[in-house]
Amino acid sequence: MVMACRDKRRHVGLQQLSSFAEAGRTFLGPVKSSKFIIDEECHESVLISSTVRLLESLDMTSAVGQLLNEAVQAQNDTYRTGATTLLFLAGVWSRAVEECLHLGVPISIIVSVMSEGLNSCSEEVVSLQVPVHDIFDHMDSTEAISGLETVSVSLCPFLQDPSDASSIQERHDLKDVAAQLTTYSLSGRPVKSPKFFKPQAKVEAGENTSQTLKNSLHTDTCFRKSVLIHSRHFNRTDNNQGLRKPRRFLEQCGATTFLTYGCHDLVELAVGLSHGDGSSMKLVEEAVRLQYQNACMQPGNCVVPFVFDISRLFTFCLPGLPETFSCVCPGYITVVSVSSAALIQELQSRPIRVVLIEGDLTESYRHLGFSKSTNIKTALDSMKLPEDSSEELWANHVLQLLTQFSVNLVLVEGNASEHLTEQCRHSRRLVVGSVNGRVIQAFAEATGAVQVAYITQVNEDCVGSGVSVTFWRNPLDVVDSSDRMAILLKTEGINLITAVLTSPVSAQMQTKEDRFWTCAYRVYHAVKEAKVFLGGSAVEFLCLSHLHILAEQPLQKGDHACLGWLHDTSSWLASSLAIYRPTVLKCLANGWHKYLSALLYNTATYSSELEASTFIQHHLQNAIDCGSPSSYVLKEYRKLNSGIFNSGISNKLEQTPIYDVVTPKIEAWRRALDLVLLVLQTDSEIITGLGRAQINSQKLEGFLFL
Amino acid sequence: MSCLEAKKPSMCHSEPLTTEKVRATLAVLKGVLTSCYGPFGRLKQLHNGVGGSVCTTSQSSVLLRNLSVTHPILKILTTSVQSHVSCFSDCGLFAAILCCNLIENVQKADLTAATTIKLNKHLLDLCTSYLRSEVCGCRIPADFSSTHILLCLVRSILTSKPACMLSRKEVDHISALVLRAFLLTIPENTEDPIILGKSVIVPLKGQRVTESTVLPGLLIEMSEVQSMRLSPLRKSSALKVALFSTSLSGDFSDSGEGSVVVSYGVSLENAVLDQLIHLGRQLVSDHVGLVLCQKVMHPSLKQFLSTHHIIAVDRVGVTLMEPLSRVTGAQPIGSLGSVSPSSYGSVKDWCSAKFGRKHFFHLIPNEATVCSLLLCNRNDTAWDELKLTCQTALHVLQLTIKEPWVLLGGGCTETHLAAYIRHMIHKEPGSILQDDGCTQAELHLIAEAFCSALESLAGSLEHDGGEILTDMKHGHFWSVQAGPPSVVNWPDLFSRCGCGVYSSQEELSWSVLRSTRLPFAPQTHLPHEALEISQQSACSLTVDCLTAKLSGLQVAVETANLILDLVYVIEDKN
């Protein structure tokens, strides 16, 4: 056994942590720069633009690297968002902790004060929570884009392809809007209804806009507008007269209204949570809408409050197709071989019966937990050999069963035997393999079918009915390189939605899918928790200024509630807490400061981080002078346009607030700090299973042996 | 041709403790353990250096399990501490550090091993009899009629494991849960002997700690599909339960060696399946409502049972079998043959529940002493540590119900005990020596070594360079910043002693723990007023489990004696 001890002055773990975190810096904020990761040995490369994918591709064998990976994975598995925040904060806070160590603050005090500080921040930011309720009330099914099963989204994400959008000139005729808004505010309903925006707000694309853009802008004015103004190019058209009017109104209105009235509208929520990725969010919003409509159509279901069930949302990626093909449809989309085209053609005219298989559909498949005996041999009694192989016999048996129950569709969770699939195709039956278990479950619910492990279990009660099979779009459009085509399976009232994601650049497919899920989970958490934060860094700024104020406040004896557990103990550390507390809190606050300046810098509003930092410093001073940072934030939230709270992704036209998810965010902070403190409190690494001989002699320094 | 190699002669080392290498390794081990001790202890990252999972801990059980020590002397030490931990869960580091301290200190005394061992034993007896006596000044009765002391006990354990990464609020939450889980295992009827039930810890990683909860009955994890199928089967009345420990998957894995030959057209699988369905028919005719299986059930059997409205839950796992049998009263069935009706049990109710992303089958028993502690923590490392800590706390509560006393923690028991020994040696050395042939001088030397071992153990609680003081009235532990200004009003420097019973506002005088001072008689009989005051204040007491600490003390002294007694180490080199 070998043990490595750490030098007390130089904390290697913390240094490792901050250098790992540096790698994810550019993923912070709405404008993300992608990275290429190249494997020098096999010359493979991947394009990544998220922290999770970055850590997946990095080889981090050090103990700290693994802990970091574990923390990010845990955050991602639980919430699917907040990984970048976690990584970045872990980095800046480990530097903050190192600074404390240099200043001679005892480790236990750093641990106690930092966790106390973060707890206090988490309590403070409650004041920036916006209730989310009744967002589905405004969503009449008639109003939603009805009749259109697929909604095309053609807009390229500006952040990735700015050249397309730079030529757009906007003209907004918003006089009426402003007038009516004022009326609303007089009548005591200051929260604008987006329904009301729809007919008036028109966005006309300029002549030199590309055709696709023009189309998309016209099809979906309301949302498109919000997408556009998330672009930094749009932000520069400051000379537009029309923009100023609503802003003035909103200043009078004040941001407190959000907190009282909350967010009542799905569109507003989705725009607020899109964080610059309007195209993905558009799909998510559509998915929620479809699910809601479906839920409403279920008999007796409208009484139960609608819950967005993200487990019934699936993505289907089609690389190589233009962005215009991205859409959301009810039902299940998958690919089948082109040779089934004729079969689909034939089946698509009528409802068909379905069987759902939980395992593989092969002769040799046995259910999980069944151990096959290897020592059983079959002896032939007579000289007569069986005519067919057992595979053949089994396939015939299966076909017989399918014919008996007139089943035309078999959905298989595992693999389906190719031979059987072929035979079924000849008898006009479709077998689809590798279907997700939750898809099978959805079909079971909608068709009345019962999942079985073996096809021999099928009886009349197990067969579902009423499934329709169609081509997804024109079959010729969507034949991919391996000769497969997309089909759509659905049935009346099925609680299942597939988002088709397309990208002409196949390297971006993964990124696109990740972004879609990030957006979907943001909406999911917001709806589930029924609250969101005011976004655009408002909460982080509040934390920053709150910590500064906390650091100035003298410690009061007996004020246990807001203090860390250290205060409870009788150690000398508790009594000398007051001396070190301001220093540690300021170091923690510095972490927020760096977070905010990196964010501002990344959104390209500022040419250097220093400039961004100065800007934050200015507001910080104002907030501290004002006495109550939370009211300062609320007051300034609407006023600042190019400022801290909505820089880069601000919406000048409509001032749609930017939102952020609550628990995932706070949890990301907490996990980041926990990780840093865990590493801080670790004084040695114990490496098990290695002998003295296995360590290089020059590396022996710093190792102790048992 | 066979090749014979001559056996190597065995190696024999004499006086193993005197060699520099052994002393150095012992010092390394002591350093590792000491740095982990207490609520401010430093953590250790355990990993294999080639990308295996990383475990961050400060608990003796995990550390000692993973330290691969080579020298026999260290092995004796780690093994005896590990066996103590397996019986008492708590006080492992206490025992290990004390043992190291004792070995180190008595070696300086330079007496014969026999004398040292004899005197050590006397001192141990003195300690145990004092700690068990009515006059003991460092123990409190564990009052089971209120939660105060019990909560303090659980909280002390939780806060002494910093790798759990709990905030103050979370410590409160988990302490309350652990105590509730423990109370749920106490049967309502107080017949003798009381048999305590079981708290099963159910993992739910990735969630917030405050989402942890305690539920009466058992939680069986199952897949989402399985839980979906259960929902239409809602029946809220008592159910007859059959509990299978054998696999119902329809395989025949135990066919032994050799091969089985079957003639063409005979399907063994179908034969077994027929047998399973036959079993299913019996269950139906016996009106069983719930079938639980430790292993896998054949899908066809499940289908058969569900068409007869019987709930089937498989893959229960071996750990839940014993509590399931206890909760339902069912006997685990180990064969596919006919089932004796006496082996059926019953449950009051069931429901399906979802926590985090996991789906559970929640079994609600009629009246039983089994509960589930659904434990959440943010990541794997912290969860593992928290689980172990909760297990320790539950075990310590069980030990406390047997011996309803707790010792003052936070170093106070150690310093108090040291003061008591010094006082006794000073006052009546004859009563300790009896007629062993040891001189008073020898007794004084060893007693000093013993006391300073206890005191430096208490001093190990300090990791940030503070100074430890002790008061000359109670002999308690006081912590102060190193190098305090020379003219100082002592009571202003600290508020309470280590365990939290006494406040500095009393008329006390202090002395630095490491310095020599005149023996004084520490106050015995913990005054009631002191406890009442401390109960009222917001500060909670730090207390330790009496049983575990006594055993730790015993293990430490006896192991030290054993190691001191070693004269030769004989190593077989073959």
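Here, the structure is the one placed above.
To keep things clear, this report deals only with the structure shown in the data block. Keep in mind it's a predicted model, so treat the numbers as computed, not measured.

Reading the values: the criteria
Residues numbered from 1 in each chain as written. Chains lettered and ligands numbered in written order. Predicted model: local features only at pLDDT ≥ 70, side-chain atom pairs only at ≥ 80, totals over all residues. Heavy atoms only, no water. Pairing = 2+ DSSP bridges. Helix = DSSP H or I, 4+ residues; strand = E, 2+ residues; numbered from the N terminus. Axes fitted to C-alpha atoms, helices over the stretch in contact; angles between N-to-C directions. Patch = residues over 30% accessible without salt bridge, like charges linked within 9 Å, V, L, I, M, F, W, Y side chains within 5 Å. Areas by Shrake-Rupley, 256 points an atom, 1.4 Å probe, with all protein chains shown as cover. Salt bridge = Lys/Arg side-chain N within 4 Å of Asp/Glu carboxyl O. Lys, Arg positive; Asp, Glu negative; His and termini not counted. Charge placed at Lys NZ, Arg CZ, Asp CG, Glu CD. Buried < 20%, exposed > 50% of the residue type's maximum accessible area, 1.4 Å probe, protein only. Contact = heavy atoms within 4.5 Å. Buried area = accessible area lost by both parts, 1.4 Å probe. Polar contact = N/O pair within 3.5 Å; in protein donor to acceptor, adjacent residues only side chain to side chain. Nonpolar A, V, L, I, M, F, W, Y, C, P; charged D, E, K, R; others polar.

## Considering the sheet that holds strand β7 (residues 218–222) of chain B
Residue and element names in this part refer to chain B. If you trace the three strands from one edge of the open sheet to the other, you get β7-β14-β13, paired in antiparallel fashion. One side of each edge strand has no neighbouring strand; the edge strands of this open sheet are β7 and β13 (349–355). Neighbouring strand axes in the sheet, compared pairwise and without regard to direction, differ in orientation by 30° on average. Sheet analysis places β7 next to strand β14 (residues 358–364), joined by five bridges and oriented antiparallel. Bridge pairing links Leu219 to His362 in β14.

## Side note on a negative patch on the surface
Residue and element names in this part refer to chain A. A cluster of like negative charges, contributed by Asp39, Glu40, Glu41 and Glu44, occupies part of the molecular surface. Inspection of the secondary structure assignment puts Glu44 in strand β3 (residues 44–48). Since its relative accessible area comes to 52%, Glu44 is described here as exposed.

## Some points on unusual backbone geometry
Residues and elements named next belong to chain B. With a phi close to 60°, His287 is a non-glycine residue in the positive phi region. When you line up the elements, His287 lands in the loop between α9 (268–285) and β10 (290–293). Residue class for His287 comes out exposed when judged on its relative accessible area of 64%. Positive phi values are uncommon outside glycine, yet His309 reaches one of about 60°. Among the structural elements, His309 can be located in the loop between α10 (299–307) and β11 (311–313).

## A few points about the interface of chain B and chain A
Every contact between the two is made by 86 residues of chain B and, on the other side, 83 residues of chain A. Approximately 7000 Å² of surface area, both sides summed, lies buried where chain B meets chain A, with 52% of it carried by carbon and sulfur atoms. For the interface between chain B and chain A, the tally reads six salt bridges. In this structure, A:Glu123 engages B:Lys169 in a salt bridge whose closest nitrogen and oxygen atoms are separated by 3.4 Å. One can count 28 residue pairs in polar contact (both at pLDDT 80 or more) joining chain B with chain A. A class-by-class count of the residues in the side of chain B that touches chain A yields 32 nonpolar, 36 polar and 18 charged.

## Quick look at the pairing of strand β13 (residues 484–491) of chain A
All names here are of chain A. Most of β13 is tucked away: seven of the eight residues are buried. Judged from the six bridges that link them, strand β7 (residues 332–337) and β13 form a sheet pairing that is antiparallel. Its bridge partner being in β13, Ser337 is matched across the sheet by Arg484. For strand β12 (residues 464–471) and β13, the ladder comprises five bridges, and the chain directions are antiparallel. Across the sheet, Val467 pairs through a bridge with Thr491, a residue of β13.

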